[in-house]
Amino acid sequence: MDIGVCLPTTIPGAQGRQLIEFARRAERLGFHSLTVADRVVYDNYDGIVSLAAAAAVTERIKLVTGILLAAYRPSPVELAKQLASLDRLSEGRLILGVSAGMREDDYAATGTDFHTRGRRLDATLEELRQVWQGAGPVPGVGPRPTNGDIPIWVGGHSPAGLRRAARYGIGWISPGGPPHKYPELVTKVKELWAEEKREGEPRMGANLYVSLGPDGQQLAMEHMHSYYAYMGQMVEHLAKGAVTDEGKLRDVVDGYAANGCDELLILSCTADPDHLDRIAAVVLG
């Protein structure tokens, strides 16, 4: 199982130099990918811009938008150009992870309709591929992706999200949850994959919040309560799901690997690059 790590773009107050060092160190330590989360109405860095900065200071590590809320971006053509530019800058290292999202205020802030986001996401994915193939609504939009296309990875727990993963994606990314529930979702995605007459096997991913060290539990609670404040009482349950113990982290990683996960994406609850060393010692050692 591959292990990726999320740039701490959603940690309020994270400094640009910390993100740059995070990217450099993630590659040096041997993580498979760098991911970014996506929000508008929050104190976070833009994911595409952040991955462009990471591309400039790395050479091998995969770059993943995990997850980009593509449906709240009003222009699929402009988005296609931005993503193709990032893919070219990184020499083909980009993987586009997408989902419909759950926060209505992100859509309101960009003047897009929250209630039709699923249908619009499907249409956006179709149009992105058309533009990248030179067949978009306005011919001549470039650049073309390095390899002619950009792999799409789809997230979301809803039936529509799972179906979208089977129809458009290289596979599916779980928002999180305990490893023992993961096999049910793996089975469901594979069933839908077969229904869509897709060849090969879907690539299965999962997200995991991790906060190690003496202040790990406190930092996890602070971050989760801030980032998921809109979820009300549910945030307590989410905060308890963050892994704050090295031994438990090893068990959770092994659990995901045993239950069909191809790539585990670790989200740090701190912007301190030294936290990567703690994580790597457990999951890459």
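Refer to the structure printed above.
Let me begin by describing the structure that accompanies this report. Because the structure is predicted, anything quoted here is derived from the model rather than measured.

Its volume calculated, the largest pocket comes out at about 1,500 Å³. Of all the elements, helix H9 (residues 234-240) adds the most residues to the lining of the largest pocket, at 4 residues. Among the residues making up the lining of the largest pocket, the classes are represented as 26 nonpolar, 15 polar and 9 charged. Its volume calculated, the second largest pocket comes out at about 150 Å³. Together, Leu212, Gly213, Pro214, Asp215, Leu219, Thr270, Asp272, Asp274, His275 and Arg278 line the second largest pocket. For the lining of the second largest pocket, the leading source of residues is helix H11 (residues 274-283), giving 3 residues. Among the residues making up the lining of the second largest pocket, the classes are represented as 3 nonpolar, 3 polar and 4 charged.

In this section: helix H5 (residues 117-132). The terminal C-alpha atoms of H5, which comprises 16 residues, lie 22 Å apart, in line with the 22 Å expected from a rise of 1.5 Å per residue. Every buried residue belonging to H5 is among Leu121, Thr124, Leu125, Leu128, Val131 and Trp132, and all of these are buried. Axial view of H5: buried residues confined to an arc of 130 degrees, hence all on one face. Contacts made by the buried residues of H5 are with helix H3 (76-89), strand E4 (94-98), strand E5 (152-155) and helix H6 (159-168).

Turning our attention to the packing of aromatic side chains. Taken as a whole, this structure holds 8 aromatic pairs when the rule is applied. Pairing Trp172 with Tyr182 gives two aromatic rings, centres 6.4 Å apart and planes at 25 degrees, and the pair type is stacked. Highlighted residues: Trp172 in strand E6 (residues 171-174) and Tyr182 in helix H7 (residues 182-195), separated in sequence by 10 residues. Considered together, Trp172 and Tyr182 belong to a single accessibility category, that of buried residues. The ring of Tyr227 carries the charged tip of Arg39 above its face, separated from the ring centre by 4.4 Å. The ring of Phe114 has Arg117 sitting right over it, with the charged end atom 3.9 Å from the ring centre.

Calculation rules
Counting restarts for each chain: residues are numbered from 1 in the order of the written sequence. Totals for whole chains, interfaces and linings use every residue, but because this is a predicted model, local features are given only for residues with pLDDT of at least 70 and side-chain atom pairs only at 80 or more, for both listing and counting. In computing side-chain properties, one takes all heavy atoms of the structure into account and sets aside hydrogens as well as water. Using protein atoms alone on a 1 Å grid, points that fit a 1.4 Å probe yet trap it form a cavity, whereas open point sets bounded by protein on both sides within 12 Å along at least five of seven lines form a pocket; residues with an atom within 4 Å of a point count as lining. Grid points are joined across faces, edges and corners, and a volume is the space filled by probe spheres set on the points. By the criteria applied, helices consist of DSSP H or I runs no shorter than four residues and strands consist of E runs no shorter than two, each listed in order from the N terminus. Under the grouping applied here, Gly and all other residues not named as nonpolar or charged are polar, the nonpolar ones being Ala, Val, Leu, Ile, Met, Phe, Trp, Tyr, Cys and Pro and the charged ones Asp, Glu, Lys and Arg. The span expected for a helix works out to 1.5 Å for each residue beyond the first. Partly exposed describes any residue whose relative accessible area lies between the buried limit of under 20% and the exposed limit of over 50%, with all areas from a 1.4 Å probe on protein chains only and scaled to the type maximum. What the arc describes is the spread of directions from the helix axis to the C-beta atoms. Every residue pair with non-hydrogen atoms within 4.5 Å of one another is taken to be in contact. Classification of ring pairs uses Phe, Tyr and Trp, with its six-membered ring standing for Trp, and accepts pairs whose centres are within 6.5 Å; under 30 degrees between planes counts as stacked, over 60 as edge-to-face, and the remaining range as tilted. Any Lys NZ or Arg CZ that is within 6 Å of a ring centre and within 35 degrees of that ring's normal is treated as a charge sitting over the ring.

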